Amino acid sequence: MAYIKIYLHCVWGTKNRIPFITTRNKQTILDHIKENARDKSIHIDFINGHEEHIHCLISLKADQMVSKCLQLIKGESSYWINKQRLTSGKFEWADEYFAVSVSDSQVNRVREYIRNQEIHHRNKSWEEEYQEFISNYGFDTAQG
């Protein structure tokens, strides 16, 4: 038996950064994402979001790939959100996403960061946070 503990902080946004996630539909969307992930054996440790993006702390199993987990989460939830008519227009997630590893010693800190999205975004826009992720983690947007 393999003993694996891999935490990832994943972040993805709505297509064109449209603020589709509202106080009216947010909890419904988050609950559905958690339920769908559970059905697909994807462990979401913590999830929250704000207007046009989602933060998610995922614990991967030995046989799971980041790209497949996020494809399953994003694809199904986008379909479901439209089927439920939770937004005023056609809902889509952006193709891109961030996923960075989290050491066991930082898991609680990341949970708190995710928990406090509303407070965090009183002072920082999604665009500013996005650029911060690009810069802090050394992502090269030219190479994807």
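Everything that follows concerns the structure shown earlier in this document.
Residue indices begin from 1 for each chain and proceed along its sequence in written order. In view of the model being predicted, local features appear only for residues whose pLDDT reaches at least 70, and side-chain atom pairs are presented and counted only at 80 or more, with totals across whole chains, interfaces and linings using the full set of residues. Hydrogens and water are ignored here; the side-chain numbers use all heavy atoms of the structure.

Colleague: Would you mind going over the packing of helix α1 (residues 26-39) against helix α2 (residues 66-84) with me for this structure?
Modeller: Relative to each other, α1 and α2 sit at 130°, their axes nearing to 10 Å. Considered as vectors, α1 and α2 are oriented oblique to each other. Crossing of α1 against α2: the hand is right-handed. Packed against α1, whose contacting residues are Thr-28, Ile-29, His-32, Ile-33, Asn-36 and Ala-37, the element α2 presents Leu-72, Ile-73, Glu-76, Ser-77, Trp-80 and Ile-81 at the interface. Nonpolar residues are Ala, Val, Leu, Ile, Met, Phe, Trp, Tyr, Cys and Pro. Charged residues are Asp, Glu, Lys and Arg, and all others, Gly as well, are polar. Tallied by class, residues from the contact of α1 with α2 come to 7 nonpolar, 4 polar and 1 charged. Here an axis means a line fitted to C-alpha atoms, over the contact stretch when the element is a helix, while the angle between two N-to-C directions is reported on a 0 to 180 degree scale. The helix count covers DSSP runs of H or I at least four residues long, the strand count covers runs of E at least two residues long, and both are numbered beginning at the N terminus. Every angle not falling under 35 degrees, over 145, or within 65 to 115 is termed oblique; those three ranges are roughly parallel, roughly antiparallel and roughly perpendicular. Rotating anticlockwise by less than a right angle from the far helix to the near helix defines a left-handed crossing, while the corresponding clockwise rotation defines a right-handed one. Note on contacts: a residue pair is in contact if any heavy atoms of the two residues lie within 4.5 Å.

Colleague: Could you clarify how one ought to interpret the pattern of salt bridges in this entry?
Modeller: Pairing is possible between side chains of opposite charge, provided their charged atoms come close. The salt bridge definition used is simple: a Lys or Arg side-chain nitrogen within 4 Å of an Asp or Glu carboxyl oxygen. Throughout the structure, instances matching the rule amount to 9 salt bridges. Residues Glu-127 and Arg-17 are paired through a salt bridge, measuring 3.2 Å at the closest nitrogen-oxygen approach. Of the two residues, Glu-127 is situated in helix α5 (residues 126-136) and Arg-17 in the loop between β1 (6-14) and α1; the sequence distance between them amounts to 110 residues. Relative accessibility thresholds used throughout: buried, under 20% of the residue-type maximum; exposed, over 50%; partly exposed, between the two (1.4 Å probe, protein chains only). The exposure class of Glu-127 is partly exposed, given its relative accessible area of 35%. We classify Arg-17 as partly exposed; its relative accessible area is 33%.

Take it as geometry only, folks, not as evidence of what the structure does.
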